[in-house]
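Coordinate inspection notes
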Amino acid sequence: CFNNRVGEDFSAADIFYTSWNMYKGDYDQFNGSFPPYELNNTITHPNPQDMYSTGLSSVQLLPNQNVLLCSGRQGYMFELNPDNEIVWEYVTPLLMGQPVAQGATLSLNNNLTFEARRYPVDHPAFVDRDLSPKGWIENEPNEDFCNELTTVVRVNDRSIKVYPTITDGRLQLEWNNGGKVQLQVYDLNGRLRMDMTGLGGRKFMDLSALEAGLFLIVIDGEEVVKVVKQ
């Protein structure tokens, strides 16, 4: 979540895991209160005061382990890598709704931006859509820079976990969006040994019928997880 007022003059992104129970449709309580009791991580701008918004704003964890942040009242977006280095940054080039040059100095609340979210160019929502350029948001655009595209790796919000990766046969898979996934198990000779689907955010797999060895679990034909059957 985007923590608007983590400090007097700066904001942060706080990462934590809740006690949501997908089977109950509710949050689990422990000792009369709701976890978590601490944060997993806190992310700030390399210069913390450069990201400060008392409202709006967003944070998105990306598949490449980078983080996309939007400081809404500043209209300021930037991406950080795992070393907390800025990969790129962008300022919404609007002054009270009217275009200005990219890089122009804008005061707080003059270019409000509700949130920012990255979608790769091969996202399903873009199929059969006309994505040809329609002009520029800002005045005096840097056309060379704007012609650059990022990776076509699809944004994945599932965050699939597979454990244990060394097992006597029983595996558990969890993912956080509750949607349907296709699961296939291959041996090292490329033979398909198991094929099934999972739904609801959790799936138990039984590999006890397979011989001991290394197997590959392919998820939706994209992600591959190695497991050892003892």
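Residues numbered from 1 in each chain as written. Predicted model: local features only at pLDDT ≥ 70, side-chain atom pairs only at ≥ 80, totals over all residues. Heavy atoms only, no water.

**Considering the pairing of strand β18 (residues 213-219)**
Note the cut-off: Two strands qualify as a pair provided DSSP detects at least 2 bridges between them. Strands are runs of DSSP state E lasting at least 2 residues, helices are runs of H or I lasting at least 4, and numbering of each runs from the N terminus.
Both strand β15 (residues 181-187) and β18 contribute to a ladder of 5 bridges, which runs antiparallel. Each residue of the ladder has a partner; that of tyrosine 186, found in β18, is leucine 216. Here 7 bridges tie β18 to strand β19 (residues 223-229), and the two strands are oriented antiparallel to one another. Bridge pairing in β19 links phenylalanine 215 to valine 227. Adjacent in sequence and paired antiparallel, β18 and β19 are bridged by 3 residues, among which aspartate 220 carries a positive phi angle near 55 degrees.

**Things to note about the packing of aromatic side chains**
Note the following rule: In this analysis, rings of Phe, Tyr and Trp, with Trp reduced to its six-membered ring, are considered paired at centre separations within 6.5 Å, and the interplanar angle assigns stacked below 30 degrees, edge-to-face beyond 60, and tilted for intermediate values. Only when the NZ atom of a Lys or the CZ atom of an Arg is both within 6 Å of the ring centre and within 35 degrees of the ring normal do we say a charge sits over the ring.
On inspection of all chains with the given rule, the structure shows 2 aromatic pairs. Seen from their ring centres, tryptophan 20 and tyrosine 27 are 5.0 Å apart, and the 70 degrees between their planes marks the pair as edge-to-face. A ring pair is formed by tyrosine 76 and phenylalanine 78, whose centres lie 5.0 Å apart and whose planes are at 25 degrees; its orientation type is stacked. Lying over the aromatic face of tyrosine 17, lysine 161 brings its terminal NZ or CZ to 4.8 Å of the ring centre.

**Section: the sheet that holds β18**
Strand order in the open sheet formed by 5 strands is β13-β19-β18-β15-β16, with mixed pairing between adjacent strands. Two strands close off the open sheet at either side, each with one partner strand: β13 (166-167) and β16 (192-198).

**Re the sheet that holds strand β8 (residues 76-80)**
Applied cut-off: Angles run from 0 to 180 degrees between N-to-C directions of axes, and those axes are lines fitted to C-alpha atoms, restricted for helices to the stretch in contact.
Here we have 4 strands laid out as an open sheet, ordered β6-β7-β8-β9, and antiparallel in their pairing. Only two strands of the sheet have a single partner each, and these edge strands are β6 (58-61) and β9 (86-91). Shown here is a sheet whose adjacent strand axes are inclined to one another by a mean of 10 degrees, direction ignored. Pairing between β6 and strand β7 (residues 67-71): 4 bridges, direction antiparallel. Residue pairing for β7: serine 58 is matched across the bridge by cysteine 70.

**A few points about the pattern of salt bridges**
Selection rule: When a carboxyl oxygen of Asp or Glu lies within 4 Å of a side-chain nitrogen of Lys or Arg, that pair is called a salt bridge. Relative accessibility thresholds used throughout: buried, under 20% of the residue-type maximum; exposed, over 50%; partly exposed, between the two (1.4 Å probe, protein chains only).
In total, this model carries 5 salt bridges according to the counting rule given. A salt bridge links aspartate 187 to arginine 191; the nearest nitrogen and oxygen atoms lie 2.7 Å apart. On the accessibility criterion, arginine 191 (47% relative accessible area) is partly exposed. Between arginine 193 and aspartate 187 there is a salt bridge; the shortest N-O distance is 3.2 Å.

Shape is all these values report; function is a separate question.
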